[in-house]
Amino acid sequence: MQGVARNFFTLAIVYALAGMALGLHMSISQDHSQMPVHAHTMVAGWLMSAVFAVFYHLFPVARDKMLAKLHFWLTAVSGIGLLVGLFFLLGGNAAIEPVVAISSMGFYAAMLLFAFIALPVIWKS
Ligand code: HEM
Ligand code: HEM
């Protein structure tokens, strides 16, 4: 794996380790209040980043574009903002809500950008 594909797979593994550690903490403490953070870290973090990594690995023509780098950074920054923000929000820090809201929109924008990158590539090949 190279470039953006490798970045996404590295990010995916970081999410998996963090999300599973949180899942273990939830199970041991029997406090499931952080369940949405765990669930999104595992599926929107680990699984989606891994899917992006495999896509960019299979289609180097998409990986080598500048837009792919933008897709990685927008996904990473907004995803981490969303999950860390949600962790503190659920922990009782209401002031962080704007960070969660803006990050959510950033995460959606990153998915729109991915549609723009991926659809022409898969329909051409
Ligand atoms: C160390 C391994 C894991 C532990 C200890 C763990 C623990 C938990 C716990 C305690 C809950 C809360 C259940 C509830 O309150 O109803 C939960 C929910 C969830 N977990 Fe995990 N989990 C682990 C791995 C994973 C993995 C690998 C994934 C996905 C790739 C995952 C995805 C989810 C999802 C989507 C939910 C929310 C389910 C729902 O909506 O009811 N978890 N997990
Ligand atoms: C813009 C990004 C996203 C936002 C703002 C968002 C928001 C939400 C909200 C408000 C809930 C209900 C939580 C509750 O009732 O406690 C939820 C649940 C869920 N979402 Fe998302 N979501 C996003 C992205 C995703 C993505 C990309 C996935 C999967 C790849 C996903 C998977 C899930 C799952 C499995 C649940 C049920 C588990 C839970 O209740 O936490 N979400 N999401």
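Report on the accompanying structure. What you see is a predicted model, and the numbers here were worked out from it, not measured in a lab. (Residues numbered from 1 in each chain as written. Chains lettered and ligands numbered in written order. Predicted model: local features only at pLDDT ≥ 70, side-chain atom pairs only at ≥ 80, totals over all residues. Heavy atoms only, no water.)

1. Some details on the environment of Val-37
So, point 1. Following the sequence through the fold, Val-37 ends up in helix α2 (residues 35-58).
So, point 2. For Val-37, a relative accessible area of 4% puts it in the buried group.
So, point 3. C-alpha separation for the pair Val-37 and Leu-82, spaced 45 residues apart in sequence, amounts to 9.0 Å.
So, point 4. In contact with Val-37, other than residues within four places in its own chain, are Leu-22, Leu-83, Leu-86, Phe-87 and Leu-90. (Helix = DSSP H or I, 4+ residues; strand = E, 2+ residues; numbered from the N terminus. Buried < 20%, exposed > 50% of the residue type's maximum accessible area, 1.4 Å probe, protein only. Contact = heavy atoms within 4.5 Å.)

2. A closer look at the site of ligand 2
So, point 1. Around ligand 2 lies a shell formed by Met-35, Pro-36, Ala-39, His-40, Val-43, Ala-44, Met-48, Ser-104 and Phe-107.
So, point 2. Within the side chain of His-40, one N or O atom sits 2.8 Å away from a nitrogen atom of ligand 2.
So, point 3. At the level of secondary structure, the elements contributing two or more residues to the shell around ligand 2 comprise α2 and α5 (97-124).
So, point 4. Looking at the shell around ligand 2 element by element, the count peaks at seven residues for α2.
So, point 5. A class-by-class count of the residues in the shell around ligand 2 yields seven nonpolar, two polar and no charged. (Near = heavy atom within 4 Å. Polar contact = N/O pair within 3.5 Å; in protein donor to acceptor, adjacent residues only side chain to side chain. Nonpolar A, V, L, I, M, F, W, Y, C, P; charged D, E, K, R; others polar.)

3. So, the packing of helix α1 (residues 3-29) against α2
So, point 1. Running from amino to carboxyl end, α1 crosses α2 at an angle of 160 degrees, the nearest separation of the two axes being 8 Å. With respect to their mutual orientation, α1 and α2 come out roughly antiparallel. α2 is crossed by α1, and the crossing has left-handed handedness.
So, point 2. Looking at side-chain class alone, the contact of α1 with α2 contains 20 nonpolar, seven polar and no charged residues. (Axes fitted to C-alpha atoms, helices over the stretch in contact; angles between N-to-C directions. Parallel < 35°, antiparallel > 145°, perpendicular 65-115°, else oblique. Left-handed = near helix turned anticlockwise from the far one by under 90°.)

4. Re the site of ligand 1
So, point 1. Taken together, the residues surrounding ligand 1 are Met-20, Gly-23, Leu-24, Met-26, Ser-27, His-32, Met-35, His-38, Ala-39, Met-42, Trp-46 and Leu-47.
So, point 2. His-32 places a side-chain nitrogen or oxygen 2.7 Å from an oxygen atom of ligand 1.
So, point 3. At a separation of 2.8 Å, a nitrogen atom of ligand 1 approaches a polar side-chain atom of His-38.
So, point 4. For the shell around ligand 1, the elements supplying multiple residues, two or more each, are α1 and α2.
So, point 5. Looking at the shell around ligand 1 element by element, the count peaks at six residues for α2.
So, point 6. Here the residues of the shell around ligand 1 are counted per class, giving eight nonpolar, four polar and no charged.

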